[in-house]
Amino acid sequence: KHLDQFSHGLFMGVGGSIDVLAGEVQRAPRIWQKLNLEWFYRLISQPTRWRRMLAIPRFIIQIFKLKLRK
C-alpha cells in the first residue's frame, strides 16, 4: 500500500518471530526446522493461518511483476 513512499529498502514480516520471543507460541520441533518446513508445521498446528498462507504466492508474483516492469 505504501511502497511508492520508499525509494528502496528491505521489508520483512516479523509478527511470528515476535510471538515466539514473547512466549506466545513455541517454535516447531528441530526436524521441521532442519527441513525448512517450520511454516508447514505452523500451518498444521494453527489451521486458521491458511488464508494468510495463500497470500504468500500472490505476493511473490506481484513482486516479480514489479521487477520485470523496471
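Please read all numbers here as calculations on a predicted model, not as lab measurements.

### Comments concerning the overall build of the chain
- Summing up its helical and strand segments, the chain has four helices and zero strands in all.
- Ordering the α and β elements of the chain from the N terminus gives α-α-α-α.
- Across its three principal directions, the C-alpha atoms of the chain cover 40 × 25 × 20 Å.
- Here the chain holds 70 residues, and 10% of them are scored as buried.
- Carbon and sulfur atoms make up 62% of the accessible area of the chain, which amounts to about 6,900 Å² in all.
- If you average the places of the 13 positive and of the 4 negative side-chain charges in the chain, the two averages end up 9 Å apart.

### As for a nonpolar patch on the surface
- Taken together, the side chains of Leu3, Phe6, Phe11, Ile56, Phe59, Ile60, Ile63, Phe64 and Leu66 present a nonpolar region at the surface, about 880 Å² in accessible area.
- Tracing the backbone through its elements, the reader meets Leu3 in the segment before helix 1 (15–21).
- Judged by its relative accessible area of 49%, Leu3 is partly exposed.

### As for helix 3 (residues 38–45)
- Every buried residue belonging to helix 3 is among Glu38, Arg42 and Leu43, and all of these are buried. For helix 3, the angular spread of the buried residues around the axis is 145°, confining them to a single face.
- Elements that come into contact with the buried residues of helix 3 comprise helix 2 (30–34) and helix 4 (50–69).

### Topic: the pattern of salt bridges
- As enumerated under the stated definition, the model contains two salt bridges in all.
- The salt bridge partner of Glu38 is Arg27, with a shortest N-O separation of 2.8 Å. Residue Glu38 is located in helix 3, and its partner Arg27 is located in the loop between helix 1 and helix 2; the two are separated by eleven residues in the primary sequence.
- One network of salt bridges, with partners in common, ties together Arg27, Glu38 and Arg42.

### Focus: unusual backbone geometry
- Phi is positive for Asn36, which is not a glycine, with a value near 60°.
- One can find Asn36 in the loop between helix 2 and helix 3.

### Things to note about the packing of aromatic side chains
- Overall, the coordinates contain three aromatic pairs when judged by the stated rule.
- With centroids separated by 6.1 Å and ring planes inclined at 35°, the aromatic side chains of Trp32 and Phe40 adopt a geometry described as tilted.
- For Trp32, a relative accessible area of 23% gives the class partly exposed.
- Judged by its relative accessible area of 32%, Phe40 falls in the partly exposed class.
- With a centroid separation of 5.5 Å and 65° between ring planes, the pair formed by Trp39 and Phe40 is classed as edge-to-face.
- Grouping aromatic residues by their ring pairs yields a cluster made of Trp32, Trp39, Phe40 and Tyr41.

Conventions we followed
- Residues numbered from 1 in each chain as written.
- Predicted model: local features only at pLDDT ≥ 70, side-chain atom pairs only at ≥ 80, totals over all residues.
- Heavy atoms only, no water.
- Helix = DSSP H or I, 4+ residues; strand = E, 2+ residues; numbered from the N terminus.
- Buried < 20%, exposed > 50% of the residue type's maximum accessible area, 1.4 Å probe, protein only.
- Areas by Shrake-Rupley, 256 points an atom, 1.4 Å probe, with all protein chains shown as cover.
- Lys, Arg positive; Asp, Glu negative; His and termini not counted.
- Charge placed at Lys NZ, Arg CZ, Asp CG, Glu CD.
- Patch = residues over 30% accessible without salt bridge, like charges linked within 9 Å, V, L, I, M, F, W, Y side chains within 5 Å.
- Salt bridge = Lys/Arg side-chain N within 4 Å of Asp/Glu carboxyl O.
- Arc of directions from axis to C-beta.
- Contact = heavy atoms within 4.5 Å.
- Phe/Tyr/Trp six-rings, centres within 6.5 Å; stacked < 30°, edge-to-face > 60°.

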